[in-house]
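# Structural features, examined
Here's the letter readout for the chains.
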Protein chains: 4
Amino acid sequence: MAGSTYGTLFTITTWGESHGAAIGVVIDGCPAGLSLSEKDIQSYLNRRKPGQNKFTTKRKESDRAEILSGTFEGKTTGTPVSILIKNEDQRSKDYGKIKDCYRPGHADYTFDAKYGFRDYRGGGRSSGRETIGRVAAGAVAAKLLKELGITVTAYTRSIGSIRIPYKEYHYEEITENPLYMPNNSYAEKASEYLEACMKNLDSSGGTVECMVTGMPAGIGEPVFQKLDAELAKALMSIGAVKGVEIGDGFKAAEAPGSANNDSFFSKNGNICKKTNHSGGILGGISDGSPILIRAAVKPTPSIAREQQTITNQKENTTIAITGRHDPVIVPRAVVVVEAMTALTLIDLLMRNTTSQLENLKAFYQGK
Amino acid sequence: MAGSTYGTLFTITTWGESHGAAIGVVIDGCPAGLSLSEKDIQSYLNRRKPGQNKFTTKRKESDRAEILSGTFEGKTTGTPVSILIKNEDQRSKDYGKIKDCYRPGHADYTFDAKYGFRDYRGGGRSSGRETIGRVAAGAVAAKLLKELGITVTAYTRSIGSIRIPYKEYHYEEITENPLYMPNNSYAEKASEYLEACMKNLDSSGGTVECMVTGMPAGIGEPVFQKLDAELAKALMSIGAVKGVEIGDGFKAAEAPGSANNDSFFSKNGNICKKTNHSGGILGGISDGSPILIRAAVKPTPSIAREQQTITNQKENTTIAITGRHDPVIVPRAVVVVEAMTALTLIDLLMRNTTSQLENLKAFYQGK
Amino acid sequence: MAGSTYGTLFTITTWGESHGAAIGVVIDGCPAGLSLSEKDIQSYLNRRKPGQNKFTTKRKESDRAEILSGTFEGKTTGTPVSILIKNEDQRSKDYGKIKDCYRPGHADYTFDAKYGFRDYRGGGRSSGRETIGRVAAGAVAAKLLKELGITVTAYTRSIGSIRIPYKEYHYEEITENPLYMPNNSYAEKASEYLEACMKNLDSSGGTVECMVTGMPAGIGEPVFQKLDAELAKALMSIGAVKGVEIGDGFKAAEAPGSANNDSFFSKNGNICKKTNHSGGILGGISDGSPILIRAAVKPTPSIAREQQTITNQKENTTIAITGRHDPVIVPRAVVVVEAMTALTLIDLLMRNTTSQLENLKAFYQGK
Amino acid sequence: MAGSTYGTLFTITTWGESHGAAIGVVIDGCPAGLSLSEKDIQSYLNRRKPGQNKFTTKRKESDRAEILSGTFEGKTTGTPVSILIKNEDQRSKDYGKIKDCYRPGHADYTFDAKYGFRDYRGGGRSSGRETIGRVAAGAVAAKLLKELGITVTAYTRSIGSIRIPYKEYHYEEITENPLYMPNNSYAEKASEYLEACMKNLDSSGGTVECMVTGMPAGIGEPVFQKLDAELAKALMSIGAVKGVEIGDGFKAAEAPGSANNDSFFSKNGNICKKTNHSGGILGGISDGSPILIRAAVKPTPSIAREQQTITNQKENTTIAITGRHDPVIVPRAVVVVEAMTALTLIDLLMRNTTSQLENLKAFYQGK
């Protein structure tokens, strides 16, 4: 299928450009009977909304979700849930030079190469606003996961080179600082670094980490649709992500097998692991431990500093991107990572229900 | 679709277990008219075959490819190409204890959790032999890419902590050492490290890098099927891979925007970039520069050292995995990375042919 | 993927219920560069709109299409085209008894069996209004086909047992009568029959035929995605369709091979057929002759006559369905058949561009 | 995905040409724990094997199934089941003239139009032998259905114009005559007609009907993946099928609503229908009544009589197709219809398990 649909049983199709009339998503395959209101979705959208603090664009958007189908008397009916978010503060006039120029680090050139031309207003479909549909759908996926006892929590692990060591994580602080970091004092340091970036007409990247608890063992399909393969795709499909790790990730490549293997042990009839270097996934299938994944987010390419580039007529020129841009998108990417993880998990959880004949027989017994 | 099929237009379906009768792959959607013989496939399979040097398992397998369908008079016909490789040296007797035990770092437990039981002989479907089908199909994909002027080259970038600095790459040396490293003297150091691992009854991981040249700009679908998202899935779907990077990857997360952006310039009517931090992909679409991706491979979990674990009856026990196991799988993973990259590229190249109405019209004009 | 998405490269995802806020469709994979305005879509929607004549429901709906994304300066950009149609005249009060009863011939019971409950207002997702999204997307597909020189024309072949013999077809009369029949005098007879049905508190079915001209040879994928297999699915997926035929259809089953085979002959360098019993498809692939398909449409199940049925508590009862219902839906189904045919053709035309290596090479030459 | 794969959760991928080394199928997504041996598959293959009686080709093929993967100790493991059937009696020498000529009613021309050339030996991929993979996979699907209490039975309803009236069906006679007709004396008449056809150097078509009992209500996805839409595709994807009907099919188009609607009634707490004009499907979802579908099979295009045609150089010529050809393929198509129906049902039954949140919660409770 074409590129704007994600998932096999729980599928989402997103649509919309930065400066079009609206942005939205259609969720198909959502099980019937889930309580769902616009509030459930709004609380997720609010976490990625612009204008929340000094490090996010001043663009004013209320990003209000409307559910247009798929619910009846407050519950999902099993039919497609269509969610629409109107674009409000579009200021098309801002985008003069971008019309004919290829911004470094942006998709301007590659869209032209692919389609022959592009909607240049605010990046069009390649704008960060494209993630609104993901987040709205992710809110529904997360609510389903909660019904199954599964929790997905993402947070900022590092900004630039300021990284919180694992032993200094305080999860309760994640919502206490504007950067969604699990350590307020590191968040403070990161804020100072970001202010220096802004003064410098520069920008910063960072890493987002995501932890899943309550995940049953046995989820994921062997070979191409491994749980980690699908999560890697999910995270790498977010605009600025350039790297993905599961568990120890690249560090595992340096460790000896004796240190990297997680020993099993049995305790009170439960299967446990002494360590979790694997990040909760073995052979592409969940092992019942917490799932731990990480995404590297590149620095915002839009910077006010002058950069060399070319026009779409292949003439050399320079560009300084003024206007409303986040010096760092990592904190706003946190909820997008959470959404993409939730969407991936619910799809694989649904697909797993027919892995054993006994389960299929039990389901249809007496029907 | 279920987990053993990969691709949208150029699809492959792999099948087979380590100790079954055979292993194979069906390629569907291969364009008609490609010259193809078993030799084309064998040269790829030989690169992942066991027994090539002291760091690979002593299992004796000739891994001979047979093409059973889809070619006629030496050319592909457009119908499915079925390739079969018989399993030969199966020695099922080796697998006594593994029958009832969960090996740390392996998929034994997770397969049981998913399916209720498993084919424990040599890891069954979760064995490294599962990659044979990928490599056989990758050989066909690579041959198609070559017809389009595109080359895919993978190699070992690091073994344990022995990593070749970028300025010391000598690509011509890749095939001169058994580790497929682009620097013979680093390969020597890595060999010494691996011998120490073996003496120590331990194992090692490493990283594989893959470079694509000749790639046209404009390939990849925006949003969920970005070129980098699909590559991340492709690589992470390989058994032991725990991390994936595109271009600068995790290093990009620490760099400022001014350093990470690649400036465009025009030269002789061509669009060029001064640097390639992006790894040849912008907004999920190829930008015409070389594509650079990297995969972190964990150390082989099978080690002769005694490890704590449990039985499938949840009793604590210990296990030492003797038998024929690679102390490092990185060199054999090189061709698997190359295959998965080639398979991903050909699929997206084929999908891209209808991105513009003008191209579609030109194709059907006069038909 | 879930049930509301159709197509592989040119995919559409429909959403919406009869009495929800709106109904819509997202088209993904539409090639960039097609001139497209709301007028293009409106002219198709108007053909299925209620209230056009005495045989269609009096429900008042303007069914006005709004394009919310995917076009820029009047042309498609290659990104998803989201089309929304607001529901207006909903009159929920009409649906009292239907809430707890299963209407014979309707999907009330089966939706309850599947989902546990249903949006009973106007049939919810199983309402004929569900086809609005198909028709809107079909208008886009038809416009693309026109650019390739392909025309899709559907019409009413029969109402009840009033069927136009092939030699009495006058295609130019299709738009001259409210039943879209290619013969005005048969249309007159059919009108009389329908008025009798209405007086009788009864309803009628009929058949819709669809002809495709300008189709190049070679379109369709062998085996499961044959052109005729996909067309059969496309037409049978329309609510009231109970049978589908290609070419001579069921009559072919009675003919001897010598009569049913279409002889080839060559004329002015063109490959021609003396007859077209095959309906333009051989081995699941178009043969360059006109494609001819037919769909049997059952009589509208909503009739004012009293019928026996049960409540959702399994109590026997009776029901007479008053309110606004078409005594025949065949004329309104004509444009739906046309839409589904166009959607199926454009998808297979797009997929066919990579069937030969030579074409793929020509496409990428010099890129 | 490309054209040789069928299904979403229970997927099959077939491969192989008439005169290649072998023919086969890979089943992916089969639930673990099904007892499966080669005998289960062989009994289905034997029903479509050539040489069973005077109306089938004299080609000698034992069509012996080998299971190469996916089972362990007699049970499916959840991993792909690869089944291979070697081609034996290939006699390539028979196919001299066909090499350069387009046989009327065959796919010779359309394959050339699509792929530029073709494997002309015995029709290559467009041969009836392509259905072997379907039948082998259908045997597995049928065994799964049996575990769920569902039975699929196909039979010949008519040969040429000799059709058994519904009230003269004797199901127990289906296996008592070589034509698989549920009435031995009609089978006798049909045999006489077929002998006349053969003497006449001509061939015959017919219709195959398929009945499904034990089907639970609620199966099928609304909108595009309706149960009847998927069945229509399944049957129309069989080489010679030119029409498909559900329940009353084309007759429904002539009936008034009052006669076509099936009244519900309640009996001993069960939901029943007085009639079954709908063929067990309402709104694309099973209603718990027997499913009834019908396929029109065209007459075998290969006839010994001289026919006009052209060469691949567009020269007019004639052809008489001697060699080993069935005068009617209907009896051998019976098991193919049964297989395609079973494959379609198991896939939709598996997909339905997540239609309600309550079911999903129950499944994961305590895991």
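Residues numbered from 1 in each chain as written. Chains lettered and ligands numbered in written order. Predicted model: local features only at pLDDT ≥ 70, side-chain atom pairs only at ≥ 80, totals over all residues. Heavy atoms only, no water.

Here we come to the packing of aromatic side chains. Here the structure, examined in full by the defined rule, presents 46 aromatic pairs over all chains. Considering the side-chain rings of Tyr102 of chain C and Tyr109 of chain C, the 5.3 Å spacing of their centres and the 50 degrees angle between planes classify their relative orientation as tilted. Since its relative accessible area comes to 5%, Tyr102 of chain C is described here as buried. On the basis of relative accessibility, which here comes to 12%, the residue Tyr109 of chain C falls in the buried class. Linked through ring pairs, Tyr155, Tyr166, Tyr169 and Tyr171 of chain A together constitute an aromatic cluster. Directly above the ring of Tyr186 of chain A sits Lys189 of chain A, whose terminal nitrogen or CZ lies 4.1 Å from the centroid. (Phe/Tyr/Trp six-rings, centres within 6.5 Å; stacked < 30°, edge-to-face > 60°. Buried < 20%, exposed > 50% of the residue type's maximum accessible area, 1.4 Å probe, protein only. Lys NZ or Arg CZ within 6 Å of the ring centre and 35° of its normal.)

Let us now look at the interface of chain A and chain B. On the side of chain B, 106 residues touch chain A, which itself brings 106 residues to the contact. Of the roughly 8400 Å² buried between chain A and chain B on both sides combined, carbon and sulfur atoms contribute 58%. Taken as a group, Lys114, Phe224 and Lys242 of chain A account for 11% of the area that chain A buries against chain B, more than any other trio of residues on that side. For the pair chain A and chain B, the number of links is six salt bridges. Taking the shortest distance from any N to any O, the salt bridge between Glu221 of chain B and Lys114 of chain A comes out at 3.3 Å. One can count 47 residue pairs in polar contact (both at pLDDT 80 or more) joining chain A with chain B. When its residues are assigned to classes, the side of chain A that touches chain B shows 42 nonpolar, 41 polar and 23 charged. Taken together, the three bridges between strand 11 (residues 241-246) of chain A and strand 11 (residues 241-246) of chain B define a ladder with antiparallel strand orientation. Residue pairing for strand 11 of chain B: Gly243 of chain A is matched across the bridge by Glu245 of chain B. (Contact = heavy atoms within 4.5 Å. Buried area = accessible area lost by both parts, 1.4 Å probe. Salt bridge = Lys/Arg side-chain N within 4 Å of Asp/Glu carboxyl O. Polar contact = N/O pair within 3.5 Å; in protein donor to acceptor, adjacent residues only side chain to side chain. Nonpolar A, V, L, I, M, F, W, Y, C, P; charged D, E, K, R; others polar. Pairing = 2+ DSSP bridges. Helix = DSSP H or I, 4+ residues; strand = E, 2+ residues; numbered from the N terminus.)

In the superposition of chain B on chain D (RMSD 0.0 Å, axial shift 0.0 Å), the rotation amounts to 180 degrees. This pairing of chains is accounted for by a two-fold axis. Nearest to the rotation axis, the C-alpha of Thr13 of chain B is located 3.8 Å from it, this being the minimum over chain B. Most of the interface of chain B is mirrored in chain D: 100% of its interface residues are interface residues there too. (Least-squares fit on C-alpha atoms with pLDDT ≥ 70 in both.)

Residues and elements named next belong to chain B. Counting buried positions along strand 8 (residues 151-159) yields seven of nine residues, so the element is predominantly enclosed. In this structure, strand 8 lies alongside strand 10 (residues 206-213), joined through eight bridges in antiparallel fashion. Following the sheet pairing, Thr153 is matched in strand 10 by Met211. With antiparallel pairing between neighbouring strands as the criterion, strand 8 and strand 9 (residues 162-163) make up a hairpin whose turn holds two residues, including Gly160 at a positive phi of roughly 50 degrees.

Residue and element names in this part refer to chain D. Within the fold, Ala190 resides in helix 4 (residues 184-199). By relative accessible area, which is 0% here, Ala190 ends up buried. Linking Ala190 and Ile238, residues 48 residues apart in sequence, is a C-alpha distance of 23 Å. Not counting residues within four places of it along the chain, the set of residues in contact with Ala190 comprises Ile159, Ile162, Leu179 and Met181.

Turning our eyes to something else, we now look at the relation of the copies chain A and chain B. Here chain A sits on chain B after a turn of 180 degrees about the axis and a move of 0.0 Å along it, with an RMSD of 0.0 Å. The fraction of interface residues of chain A whose copies in chain B are also interface residues reaches 100%, indicating that both copies meet through the same surface.

A few words now on the packing of helix 1 (residues 38-48) of chain A against helix 3 (residues 131-147) of chain A. Residue and element names in this part refer to chain A. The N-to-C vectors of helix 1 and helix 3 enclose an angle of 135 degrees; their axes lie 8 Å apart at closest approach. The angle between helix 1 and helix 3 falls in the class oblique. Along this stretch, helix 1 crosses helix 3, giving a crossing that reads as right-handed. Across from Asp40, Ile41, Tyr44, Leu45 and Arg48 in helix 1, the residues of helix 3 making contact are Thr131, Ile132, Val135, Ala136, Ala139, Val140, Ala142 and Lys143. Counted by class, the contact of helix 1 with helix 3 contains nine nonpolar, one polar and three charged residues. (Axes fitted to C-alpha atoms, helices over the stretch in contact; angles between N-to-C directions. Parallel < 35°, antiparallel > 145°, perpendicular 65-115°, else oblique. Left-handed = near helix turned anticlockwise from the far one by under 90°.)

Below, the discussion takes up the packing of helix 1 (residues 38-48) of chain D against helix 7 (residues 330-351) of chain D. Residue and element names in this part refer to chain D. Taken N-terminus to C-terminus, the directions of helix 1 and helix 7 make an angle of 140 degrees; their axes are 7 Å apart at the nearest point. Comparing their axes, helix 7 and helix 1 come out oblique. In contact with Tyr44, Arg47 and Arg48 of helix 1, helix 7 contributes Arg332, Val334, Val335 and Glu338. Broken down by class, the residue content of the contact of helix 1 with helix 7 amounts to three nonpolar, no polar and four charged.

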